[in-house]
Amino acid sequence: MAHVGVLRAFEEHGIPIDVIAGTSAGALVGGVYAAGLSIDEIEELGRSLHWRDVGRTTISRLGIQSNARMEKLLRARLPVTRFEELRIPFAAVATDLNSGEPVVLSGEGDLAFAIRASCCVPGWYIPVTDAQGRQLVDGGLVANIPVSYARDLGADLVIAVDVNAEGAKFLGAPHSIIGILLQTTMVVQRTAAIYQLRAANIVVRPRVGHIRWDEMARADELITAGYDAAIETVDDIRSLLEDQSKPASRWYQLRRYRRRVDAPKPTREYPSR
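Residues numbered from 1 in each chain as written. Predicted model: local features only at pLDDT ≥ 70, side-chain atom pairs only at ≥ 80, totals over all residues. Heavy atoms only, no water.

Visitor: Can you help me understand the pairing of strand β7 (residues 135-138) in this one?
Guide: On a regular strand, one side chain projects to one face of the sheet and the next to the other, so that they alternate. Of the strand pairs in this sheet, strand β4 (residues 90-96) and β7 are connected by 3 bridges, and their pairing is antiparallel. In the sheet register, Asp 96 faces β7, and the bridge partner there is Leu 136. Of the strand pairs in this sheet, strand β6 (residues 128-129) and β7 are connected by 2 bridges, and their pairing is antiparallel. Across the sheet, Val 128 pairs through a bridge with Leu 136, a residue of β7. Counted between consecutive antiparallel strands, the loop separating β6 from β7 contains 5 residues, among which Gly 133 sits at a positive phi close to 85°. (Pairing = 2+ DSSP bridges. Helix = DSSP H or I, 4+ residues; strand = E, 2+ residues; numbered from the N terminus.)

Visitor: How do you make sense of the state of the cysteines when you look at a structure like this?
Guide: Note: disulfide means a covalent bond formed between the sulfur atoms of two cysteine side chains. Overall, the coordinates contain 0 disulfides when judged by the stated rule. Lacking any disulfide linkage, Cys 119 is separated from the closest cysteine sulfur, that of Cys 120, by 8.9 Å. Using a relative accessible area of 7% as the deciding quantity, one classes Cys 119 as buried. (Disulfide = S-S within 2.5 Å. Buried < 20%, exposed > 50% of the residue type's maximum accessible area, 1.4 Å probe, protein only.)

Visitor: Where do I start with a nonpolar patch on the surface in this structure?
Guide: Taken together, the side chains of Ile 64, Val 121 and Trp 124 present a nonpolar region at the surface, about 250 Å² in accessible area. We classify Val 121 as partly exposed; its relative accessible area is 37%. (Patch = residues over 30% accessible without salt bridge, like charges linked within 9 Å, V, L, I, M, F, W, Y side chains within 5 Å. Areas by Shrake-Rupley, 256 points an atom, 1.4 Å probe, with all protein chains shown as cover. Salt bridge = Lys/Arg side-chain N within 4 Å of Asp/Glu carboxyl O.)

Shown next as structure tokens:
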């Protein structure tokens, strides 16, 4: 829902979005936006969403639930479900559980499957198996903020949205092994995201660390946090866009001219008489 607030702020202030790369919740919101849902429609979808809509308990040694319901829900709600039909180029990042390599789903294929794979939280949801037989889980393990993949889609300026910037403040100091595991996961993700954030031109950091992941009823707070954080970056984004549209500066052109003038002239050798 914080991602929804960011998108709303950008739309209201005319910030163009040419390509999108997303991981986990970012893949969900980015994917449905690329498919053609409006901000209002995405917000309505988020407000009506419950955990039972995306997962169901199953008997498996690989996870507590299956998130097949998410894929079914997306097929029913999206105007298009193929990458080839998207209005905005989009990439979803998942993780190959066996190799540990990122799997970038883009260009062609099934959008609903790709979003489901990118959102497949390991240990909770059963891994999703693709046509190549790979077991895919949440892309946050390898690229929580997929800046480089946005550039692969052709982006010149990349705006990263880091909803984990504050960590999980709601957890407090861990008092159990579960708490330790959760905090450890957050530390690993934030450490892995450092180099990705450095590669972005702008980073939007919604202040949502105090809200638990299961508190979906606090949608208003999450949307507002995303919106406010995005508004703080609008002027900087516009400056970058203006700089990019300007022609080469005069001093640079002059320096190139001087290089040509000062270059030694080739000597001519005349045949002896």
